[in-house]
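What follows is each chain in one-letter form.
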Amino acid sequence: MTTVEKLLALWDLPPDSRPDAEAEFATVYTDPVRVNGAELGLADLVARARDLHAAFTRHEREVLEVVEAPGKLAVAFRLTADHTGTWETPLGVLPPTGRRISGTVIDVLTLAHDGRVAEIVMVADELSRLRQAGVLGQLVR
Amino acid sequence: MTVTTDNRELAVRWLELISAGDVEELCRTCTPDWTMAGGPPDLPPGPDGIRALVASFGRVEQSWTVEDVIAEGDKVVVRATNRCEQDEFLGVPAAGITQVFAATFVFRIEDGRVAEIHRTAQDLQRLLQLGAVPVPPSSRPSSSTS
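Residues numbered from 1 in each chain as written. Chains lettered and ligands numbered in written order. Predicted model: local features only at pLDDT ≥ 70, side-chain atom pairs only at ≥ 80, totals over all residues.

## Regarding the overall build of chain B
Next up, step 1: Summing up its helical and strand segments, chain B has 4 helices and 8 strands in all.
Next up, step 2: Of the regular secondary structure in chain B, the N- to C-terminal order runs α-α-β-α-β-β-β-β-β-β-α-β.
Next up, step 3: A principal-axis box enclosing the C-alpha atoms of chain B has dimensions of 70 × 30 × 25 Å.
Next up, step 4: Of all 146 residues assigned to chain B, the portion counted as buried reaches 30%.
Next up, step 5: Taking the intrachain contacts of chain B between residues at least 6 apart in sequence as the baseline, contacts between residues at least 24 apart amount to 54%. (Helix = DSSP H or I, 4+ residues; strand = E, 2+ residues; numbered from the N terminus. Buried ≥ 20, exposed ≤ 12 C-beta atoms within 10 Å, placed from the backbone. Contact = placed C-beta atoms within 7 Å.)

Written as structure tokens, this is what we have:
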């Protein structure tokens, strides 16, 4: 299994469906892991996965690009899922819309000597996802 | 120089040309069927798409700072930060406000030219920096006169 396959498999299922989610995350991520400049413990990362699955169900991930160089890995993927739970967005908490929402994410990963992910810089197309949720009807200042 | 090094330099140069607004040089660095995903919607392929992309910025002063470059084969990933000031963004007045946002690009290079770009960027954060307030469709005043 490649690092990308391991990563995506980790996020595909709700963490609470795993016997020991933190231990499984520890096979892929260092503890702590730096995410967009902030250090997160594995428990925090598992909590993020839990929030994602609480907000969205029926996940489908399509890998668009994988680019690898020594110590670095970039993966672009499209995540499509049903918005069936409470979604915490930069605009506030969004109650479930029932809509199927698709968004592109590009993760740039820095790998530790043991091959685990030590740092993630993630840029996601949040604007497009919120548009699909019907939040951005009109923008005013 | 290796092909990978050339490709890295081309990808970084592409962002420099965007900063400079050098449309004709951008067109020369791209294939006739160039495409971009994740940029403005409905960009046509090739040079027409490049011109439409640059036109979509309107009046803008921008600079890209490259944070990270990863190259493998015909692909180059560039992670960069943009600082810009423009008249408007997505219809929201923006003059006089500096926007700072992160973006990541995946370039596919073909025979020394950019053939394809996949972009993700913090466009939502840009709107928030401009003080834009989203009004959901259900909250908009009705256009009905009855």
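## With respect to the overall build of chain A
Next up, step 1: Regarding its fold elements, chain A presents 4 helices and 9 strands.
Next up, step 2: Counting from the amino terminus, helix and strand elements in chain A follow one another as α-α-β-β-α-β-β-β-β-β-β-α-β.
Next up, step 3: Its C-alpha radius of gyration of 16 Å places chain A within 12% of the 14 Å reference for a compact globule of 141 residues.
Next up, step 4: Taken over the C-alpha atoms alone, chain A extends approximately 45 × 35 × 25 Å along its principal axes.
Next up, step 5: The buried share of chain A, taken over its 141 residues, is 23%.
Next up, step 6: Restricting to contacts in chain A with at least 6 residues of sequence separation, those with at least 24 account for 53%. (Rg over C-alpha atoms; globule rule 2.2 N^0.38 Å.)

## Thoughts on the nonpolar core
Next up, step 1: A:A74, B:V77, B:V78 and B:F107 are the most contacted members of the largest nonpolar core, which totals 40 residues.
Next up, step 2: Residues in contact with B:F107, not counting those within four places in the same chain, are B:A11, B:W14, B:K75, B:V76, B:V78, B:V114 and B:I117.
Next up, step 3: Formed by 8 residues, the second largest nonpolar core is a distinct cluster that contains A:L136, B:A94, B:L124 and B:A132. (Core = buried A, V, L, I, M, F, W, Y, C linked by C-beta atoms within 7 Å.)

## Quick look at the sheet that holds strand β7 (residues 113-121) of chain B
Residues and elements named next belong to chain B.
Next up, step 1: Spatial strand order, β1-β7-β6-β3-β2: 5 strands in an open sheet with mixed pairing. Because the sheet does not close on itself, it has two edges, and the strands there are β1 (30-37) and β2 (60-72). Recorded for the sheet is a direction-independent mean angle of 25° between the axes of neighbouring strands.
Next up, step 2: Here 10 bridges tie strand β3 (residues 75-86) to strand β6 (residues 99-110), and the two strands are oriented antiparallel to one another. (Pairing = 2+ DSSP bridges. Axes fitted to C-alpha atoms, helices over the stretch in contact; angles between N-to-C directions.)

## Focus on the interface of chain A and chain B
Next up, step 1: Every contact between the two is made by 29 residues of chain A and, on the other side, 33 residues of chain B.
Next up, step 2: Taken together, the elements giving at least two residues each to the side of chain A that touches chain B come down to β3 (56-69), β4 (72-83), β7 (100-111), β8 (117-124), α4 (126-132) and β9 (138-140) of chain A.
Next up, step 3: If one sorts the elements of the side of chain A that touches chain B by residue count, β3(A) sits on top with 5 residues.

## Some remarks on the sheet that holds strand β1 (residues 29-35) of chain A
All names here are of chain A.
Next up, step 1: The strand order β2-β1-β8-β7-β4-β3 describes an open sheet built from 6 strands, whose pairing is mixed. In this open sheet, the two strands that pair with only one neighbour each are β2 (38-40) and β3. Within this sheet the neighbouring strands show an average axis-to-axis angle of 25°, counted without direction.
Next up, step 2: Relative to the sheet, helix α1 (residues 3-12) contacts β3 and β4, its axis offset from that of β3 by approximately 165°.
Next up, step 3: Strands β1, β2, β3 and β4 of the sheet are contacted by helix α3 (residues 42-55), whose axis makes an angle of about 70° with β1.

## Points about the environment of A:H113
Next up, step 1: Positionally, A:H113 belongs in the loop between β7 and β8.
Next up, step 2: Along the backbone, A:H113 and A:L94 are 19 residues apart, and their C-alpha atoms lie at a distance of 40 Å.

## A look at the pairing of β7(B)
Residue and element names in this part refer to chain B.
Next up, step 1: Counting buried positions along β7 yields 7 of 9 residues, so the element is predominantly enclosed.
Next up, step 2: In the sheet, β1 pairs with β7 via 4 bridges, with the strands oriented parallel. Bridge pairing in β7 links A37 to H118.
Next up, step 3: As defined by bridge partners, β6 adjoins β7 across 8 bridges and the pair is classed as antiparallel. Among the inter-strand pairings, V106 is bridged to a residue of β7, identified as H118.

## Things to note about the environment of A:L130
Next up, step 1: Position of A:L130 among the secondary structure elements: in helix α4.
Next up, step 2: Residues A:L130 and A:G103 lie 27 residues apart in sequence; the distance between their C-alpha atoms is 9.5 Å.
Next up, step 3: Residue contacts for A:L130: discarding those within four places in its chain leaves A:T89, A:L91, A:V135, A:L136 and B:L124.

## Let's talk about unusual backbone geometry
Next up, step 1: The residue after A:D31, namely A:P32, is reached through a cis peptide bond having omega 5°.
Next up, step 2: As for its placement among the helices and strands, A:P32 is situated in strand β1.
Next up, step 3: A positive phi angle, close to 60°, is found at B:D42, a residue other than glycine.
Next up, step 4: Its place among the elements puts B:D42 in the loop between β1 and α3 (46-57).

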